[in-house]
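# Descriptive analysis of the structure
In case you want the letters, here they are:
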Amino acid sequence: MASTLPSRRSFLTLSGLSALSVSLTAACGTGGSGGGPAADGTVSLAWWNIATTEPGKSLFPQISTAFTAAHPNIVIKTTSLENEAFKSKLTATTSSGKLPDVFQTWGGGVLRQQAEAGLVEDLTDLLDWSSELTPVSLEAYQFDGRTYAVPYDIGMVGFWYNKKLFAKAGITAPPATWAELLEDVRKLKAAGVTPIALAGKEKWPGHYYWAYLAMRVAGLPALQQAATTKDFTGAGFVQAGAHLKELVDLQPFQPAFLGAGYATPGGQAATMGNGKAAMELMGQWGPSVQKDAGADLGADLGFFPFPTVDGGAGRATEVFGGGGGFALRKGAPKEALDFLKFFVLENEPKLLASNGYLPVVKGAESLLTDANKKVVAASLTKATGFQLFLDQAYPPAVGQEVNDSVADLIAGRKTPEQVTASITEAAQGA
């Protein structure tokens, strides 16, 4: 997911605003987004989420309504925005120092900068139920042994594919290597099938390809090291771009993909859901958005992990992805955390039954019924390494440059070497 939050420098200039807020622990017994309850005892919570597609579009309001029904003194004011609109609005709100009480976060470098600026609540000593959550689901929200958000979903990016279209092209099994993937793209094109759906306009879906190829070629430790050294010019990163260019040169994407959105009418998810493309590289939410934006592929939908690259340092069991969580603004009323506990622990069965989310509560994987979700969950369980989305793992300016430069590579405006140089420049300036 693309990151458009302020740079580290502008973030830290906001840290002085945190002194105006009352900490969550100090605010026990108070409420309201203004730091205290209304005169009639009503506590108002501002909740921002990204549930603009099903199942969250219907499920999130149901959960909110159930919570307020059980707590008549609490009012939840919900704002649901599409990913990019959410990030733009949060950027402006962050700059004003008036974050919502509860808001969507993907963790990583963005959340770390918010934490360093004193804008979000440190939940470490308040989450007496964190032991009920899986360690991998909490990982993206923890820094230096402290926890700054609560997860509600976790998963990985992989290829969702249309079994019927694969069969039409004579493909009998999903590709296990990059060379096999390229050959399958050629077979699909020869059969008159668009191989891959891509939301070129939104950029973040494209960065998945470069990130996974960097993991498969250079290896997961190389990505982690580059974040420290701020140098992405190594041969493995250049080779990742070269492999992506191999794919792009085959012209595998749907017509007008550079102007296509993700969840929009006629966009990536709709193209896949309507059976107009054979594959999309997307996270665990892919099938839900396909169904919401297009149609339900049902038994024709399958999943396979990102292929390995011959001679590469990475393994197929090293996964790339992330989930969704909620952070609290510094000084949010204690009822905000009560809401998150209700949302995550008491509603885990509903979240999983909706078929749009994967388990964050220990043992809840037994509740999964969808075959593809089980495959994704099993892949996570067996994972030997995990890398958060690069546009969230790295500082905002770096993550944005990854998205922009990879988009330029896919559009033919940058070479693999120029991509790594641009990302390195952004990292050294962050």
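Report on the accompanying structure. The structure displayed is predicted, hence computed values, not measured ones. Position numbers for residues count from 1 along each chain, tracking the sequence in the order it is written. Given that this is a predicted model, residues contribute local features only at a pLDDT of at least 70 and side-chain atom pairs are listed and counted only at 80 or more, while totals for whole chains, interfaces and linings are drawn from all residues. The basis for the side-chain values is all heavy atoms of the structure; hydrogens and waters are excluded.

For helix 13 (residues 334-346), spanning 13 residues, the distance from its first C-alpha to its last is 18 Å, which sits close to the expected 18 Å at 1.5 Å a residue. Among all positions of helix 13, only Glu335, Ala336, Leu337, Phe339, Leu340, Phe342, Phe343, Val344 and Leu345 are buried. Strands are runs of DSSP state E lasting at least two residues, helices are runs of H or I lasting at least four, and both sets are numbered from the N terminus onward. The span expected for a helix works out to 1.5 Å for each residue beyond the first. Buried residues are those whose accessible area, probed at 1.4 Å on protein chains only, stays under 20% of the maximum for their type, while exposed residues exceed 50% and partly exposed ones sit between those limits.

The term nonpolar core refers to a set of buried residues drawn from Ala, Val, Leu, Ile, Met, Phe, Trp, Tyr and Cys, joined through side-chain atoms within 4.5 Å. Counting residues in hydrophobic clusters, the biggest one holds 131 residues, and the most contacted among them are Trp210, Leu244, Met279, Phe343 and Val344. For this core, the leading source of residues is helix 8 (residues 204-217), giving 10 residues.

The next point concerns the sheet that holds strand 8 (residues 279-282). Note: two strands are recorded as paired if DSSP finds a minimum of 2 bridges between them. Strand order in the open sheet formed by 3 strands is 8-7-9, and the pairing between neighbours is antiparallel. Only two strands of the sheet have a single neighbouring strand rather than two, namely strand 8 and strand 9 (301-304). Put simply, the sheet's adjacent strands are angled 25 degrees from each other on average, direction ignored. With 4 bridges connecting them, strand 7 (residues 158-162) and strand 9 associate as antiparallel partners. The residue bridging asparagine 162 from the neighbouring strand is leucine 301, located in strand 9. Along the sheet, helix 8 contacts strand 7 and strand 8; its crossing angle with strand 8, the most-contacted strand, is approximately 85 degrees. Any two residues whose heavy atoms approach within 4.5 Å are treated as being in contact. Every axis corresponds to a line fitted to the C-alpha atoms, with the helix fit spanning only the stretch in contact, and the corresponding angles, defined between N-to-C directions, vary from 0 to 180 degrees. Packed onto the sheet, helix 15 (residues 371-381) meets strand 7 and strand 9 and runs at close to 5 degrees relative to strand 9.

For the rest of this paragraph, the subject is the pattern of salt bridges. Should a side-chain nitrogen of Lys or Arg be within 4 Å of a carboxyl oxygen of Asp or Glu, the pair is scored as a salt bridge. Applying the stated rule across the entire model yields 16 salt bridges. For the salt bridge of aspartate 101 with arginine 329, the shortest nitrogen-to-oxygen distance reads 2.8 Å. Placement of aspartate 101 in the loop between helix 3 (83-96) and strand 3 (102-105) and of arginine 329 in the loop between strand 10 (318-328) and helix 13 is noted, with a sequence separation of 228 residues between them. Each member of the pair, aspartate 101 as well as arginine 329, is classed as buried. Between lysine 330 and glutamate 121 there is a salt bridge, and its shortest N-O distance comes to 3.9 Å. Of this pair, lysine 330 sits in the loop between strand 10 and helix 13 while glutamate 121 sits in the loop between helix 4 (108-116) and helix 5 (135-138); the two residues are 209 residues apart in sequence, bridging distant segments of the chain. Exposure remark for glutamate 121: the relative accessible area of 4% places this residue in the buried category. Three or more residues joined by partner-sharing salt bridges are found here, namely Arg112, Glu116 and Asp144.

We now examine unusual backbone geometry. The step from glutamate 54 to proline 55 runs through a cis peptide bond, and the omega angle for that step is 10 degrees. With respect to the element layout, proline 55 can be found in the loop between strand 1 (43-49) and helix 2 (56-70). One non-glycine residue, lysine 203, lies in the positive phi region at around 70 degrees. Mapped onto the fold, lysine 203 is located in the loop between helix 7 (178-190) and helix 8. Given the relative accessible area of 32%, lysine 203 is considered partly exposed. Look at alanine 256: it is not a glycine, yet its phi comes out positive at around 60 degrees. Tracing the backbone shows alanine 256 in the loop between helix 10 (235-249) and helix 11 (268-273). For alanine 256, a relative accessible area of 66% gives the class exposed.

Summary: where empty space remains is shown by rolling a probe the size of a single water molecule over the atoms. With a 1 Å grid spanning the protein atoms alone, the term cavity applies to any set of points in which a 1.4 Å probe fits but cannot get out, the term pocket to an open set with protein on both sides within 12 Å along at least five of seven lines, and the term lining residue to any residue with an atom within 4 Å of a point. Grid points are joined across faces, edges and corners, and a volume is the space filled by probe spheres set on the points. Roughly 690 Å³ of internal volume is contained in the largest pocket. Lining of the largest pocket is provided by 25 residues; of these, Gly109, Arg112, Ala227, Ala393 and Tyr394 occupy positions nearest its centre. Among the secondary structure elements, those contributing two or more residues to the lining of the largest pocket are helix 4, strand 4 (142-143), helix 9 (220-229) and strand 11 (385-388). Classification convention: Asp, Glu, Lys, Arg as charged; Ala, Val, Leu, Ile, Met, Phe, Trp, Tyr, Cys, Pro as nonpolar; all other residues, Gly among them, as polar. Class assignment of the residues belonging to the lining of the largest pocket gives a composition of 14 nonpolar, 7 polar and 4 charged.

Here we take up the packing of aromatic side chains. Each aromatic ring pair is summarised here by two numbers: the centre-to-centre distance and the angle between the ring planes. By convention, a stacked pair of Phe, Tyr or Trp rings (six-membered ring in the case of Trp) has centres within 6.5 Å and planes under 30 degrees apart, an edge-to-face pair has planes over 60 apart, and any other such pair is tilted. This model, assessed by the stated rule, comprises 38 aromatic pairs. Seen in terms of ring centroids, phenylalanine 159 and phenylalanine 304 are 5.1 Å apart; in terms of plane orientation they differ by 20 degrees. Their pairing is stacked. You can see phenylalanine 159 sitting in strand 7 and its partner phenylalanine 304 sitting in strand 9, a full 145 residues away along the chain. For the residue pair phenylalanine 159 and phenylalanine 304, the accessibility class agrees, reading buried in each case. Above the plane of the ring of tryptophan 106 lies lysine 87, whose end atom (NZ or CZ) is 4.6 Å from the centre. Here, a charge over a ring is recorded when the distance from Lys NZ or Arg CZ to the ring centre is within 6 Å and its angle to the ring normal is within 35 degrees.

Moving on: empty space enclosed by the protein. Applying the stated criterion across every chain yields a total of 3 cavities of 30 Å³ or more. Put simply, the second largest cavity is a space of about 70 Å³. Around the second largest cavity, the lining residues are Leu198, Ala199, Gly200, Lys203, Gly206, His207, Phe257, Leu258, Asn403, Val406, Ala407 and Ile410. Only helix 8 and helix 17 (396-410) provide two or more residues apiece to the lining of the second largest cavity. The greatest single-element share of the lining of the second largest cavity, amounting to 4 residues, is contributed by helix 17. Of the residues in the lining of the second largest cavity, the class split is 7 nonpolar, 4 polar and 1 charged.

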